[in-house]
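Architecture and fold: a report
Each chain is listed here by its residues.
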Amino acid sequence: MIKTLIAANWKMNTNFGEAQQLTRDLLSSINDDAHVETVICPPFVYLQEISKLLEGQSIKIGAQNVYFEEKGAYTGEISSSMLSDFCEYVIIGHSERRQFFGDTNEIVNKKLRSAIEHSLTPILCVGENLEERENGDAEHVVGAQLEESLNNIEKTVNLVVAYEPVWAIGTGKAATSDIAEDIMRFIRSKLAAIYDNTFADNITLLYGGSVTADNVKDYLSQPNINGALVGGASLDAQKFQDIIDKAGEVAPL
Ligand code: 13P
């Protein structure tokens, strides 16, 4: 049985005070019996301080990106070995990285390798844009993202895959749970083809794109959706807590 995972991607939001307050508010409201694994992914500069606040607590911490080189003259970049002192998770291949910062599947593949080498659990993001969906290319695009990103990567890894249709991110136009399930069933079958059925059956699959407390249970009621990657609604402690609580109502024990 796959444990339900609710992850928060704060993106480039919060100042230091707000980041600490958001974390404290979550810590004071979280219900450890809810059978939901919770991960927050703050901006890089707050990871160290927030990881201290989370010490000994049930909420886990992740980064929003990583660079694949180990160290050296890469001004402004952060390596997996640096992150591994503070984080358990790292988001890789988010559509905003692909759109604004040139992350290709090949780069995503290198980032995955470096994260895995340093025992970080990657949250690999895939998803089609609106034009690709309207052209009927969603499965083709997502399939290629998976194949190329996971090229020659061993199956013995902790891996989380997030399906985030670009047209549903930050738009309030969430994919229906049936649309999400269709692609996420496809993602699991693709993982089975790349690796094997047992591996695919045990991979945590998240849906992301305008998730709220009102729709999270619809997603989690689908057989191939094990959690959510939440953007906007994770910046408000109460809204994010409501999502976790709703998830807890349908989470497998
Ligand atoms: P929203 O929840 O704001 O749509 O963002 C989704 C997302 O991109 C999470 O990584």
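What comes next concerns the included structure. Counting restarts for each chain, with residues numbered from 1 along the sequence as it is written. Reporting in this predicted model follows two pLDDT cut-offs: at least 70 for local features of residues, and 80 or more for side-chain atom pairs to be given and counted; totals over whole chains, interfaces and linings ignore these cut-offs and use all residues. As a rule here, side-chain values come from all non-hydrogen atoms in the structure, and water together with hydrogens is ignored.

Right, let's talk about the packing of helix 7 (residues 138-149) against helix 8 (residues 177-194) for a bit. For the pair helix 7 and helix 8, the least separation of the axes is 10 Å and the interaxial angle reads 40°. Seen from above, helix 7 lies across helix 8 with right-handed handedness. Contacts from A138, E139, V142, G143, L146 and E147 of helix 7 reach helix 8 at I183, F186, I187, K190, L191 and I194. Following the grouping adopted for this structure description, the nonpolar residues are Ala, Val, Leu, Ile, Met, Phe, Trp, Tyr, Cys and Pro, the charged ones are Asp, Glu, Lys and Arg, and the polar ones are all others, Gly among them. Per-class residue counts for the contact of helix 7 with helix 8 are eight nonpolar, one polar and three charged. Orientation is described by axes fitted as lines to C-alpha atoms, over the contacting stretch for helices, and by angles from 0 to 180 degrees between their N-to-C directions. Each helix is a run of DSSP H or I of at least 4 residues and each strand a run of E of at least 2, with the numbering of both proceeding from the N terminus. Crossings are assigned a handedness: left-handed for a near helix turned anticlockwise from the far helix by less than a right angle, right-handed for a clockwise turn. By definition, residues are in contact when any of their heavy atoms lie within 4.5 Å.

A few words on the pairing of strand 6 (residues 160-163). When accessible area is computed with a 1.4 Å probe and restricted to protein chains, residues below 20% of their type maximum are described as buried, those above 50% as exposed, and intermediate ones as partly exposed. Of the two faces of strand 6, both are covered, the one formed by V160 and A162 as well as the one formed by V161 and Y163. As defined by bridge partners, strand 6 adjoins strand 7 (residues 204-208) across four bridges and the pair is classed as parallel. Its bridge partner being in strand 7, V161 is matched across the sheet by L205. Strand pairing follows a simple DSSP-based rule, namely that at least 2 bridges must link the two strands.

Next up on the list: unusual backbone geometry. One non-glycine residue, T14, lies in the positive phi region at around 80°. For T14, a relative accessible area of 22% corresponds to the partly exposed category.

Looking now at the sheet that holds strand 4 (residues 89-92). Read around the closed barrel, the eight strands follow the order 1-2-3-4-5-6-7-8; overall the barrel is parallel. Between one strand axis and the next, the sheet turns by 25° as a mean value, whatever way the strands run. Where strand 5 (residues 121-126) meets strand 6, four bridges bridge the pair, whose relative direction is parallel. By the bridge assignment, I123 is partnered in strand 6 with V160. Strand contacts of helix 5 (residues 105-117): strand 4 and strand 5, with the helix running at about 175° to strand 4, the strand carrying the most contacts.

Take the pattern of salt bridges next. Oppositely charged side chains may form a pair once their charged atoms are brought near each other. Each reported salt bridge corresponds to a side-chain nitrogen of Lys or Arg within 4 Å of a carboxyl oxygen of Asp or Glu. Counted by the stated rule, this structure contains eleven salt bridges. Here R185 and D182 are joined by a salt bridge, their closest N and O atoms 3.4 Å apart. In this pair, R185 and D182 both sit in helix 8, three residues apart, roughly one turn of the helix. When its relative accessible area of 44% is taken as the criterion, R185 is described as partly exposed. Residues participating in the shared-partner salt-bridge network are R97, D103 and K111.

Turning to the side chain of T4, a few remarks are in order. Mapped onto the fold, T4 is located in strand 1 (residues 4-9). Setting aside its immediate chain neighbours within four residues, T4 contacts H35, V36, E37, L220, N226, G227, A247, A251 and P252.

Moving on to the pairing of strand 1. Of all six residues that make up strand 1, six are buried, and the element is covered over most of its length. Alternating positions in strand 1 separate into two faces, T4, I6 and A8 on one and L5, A7 and N9 on the other, with burial throughout. In this sheet, strand 2 (residues 36-41) lies alongside strand 1 in parallel orientation, the contact comprising six bridges. Within strand 2, the position partnered with N9 by the bridge is C41. As paired strands, strand 1 and strand 8 (residues 227-230) are joined by four bridges and run parallel to one another. Bridging across to strand 8, L5 finds its partner in G227.

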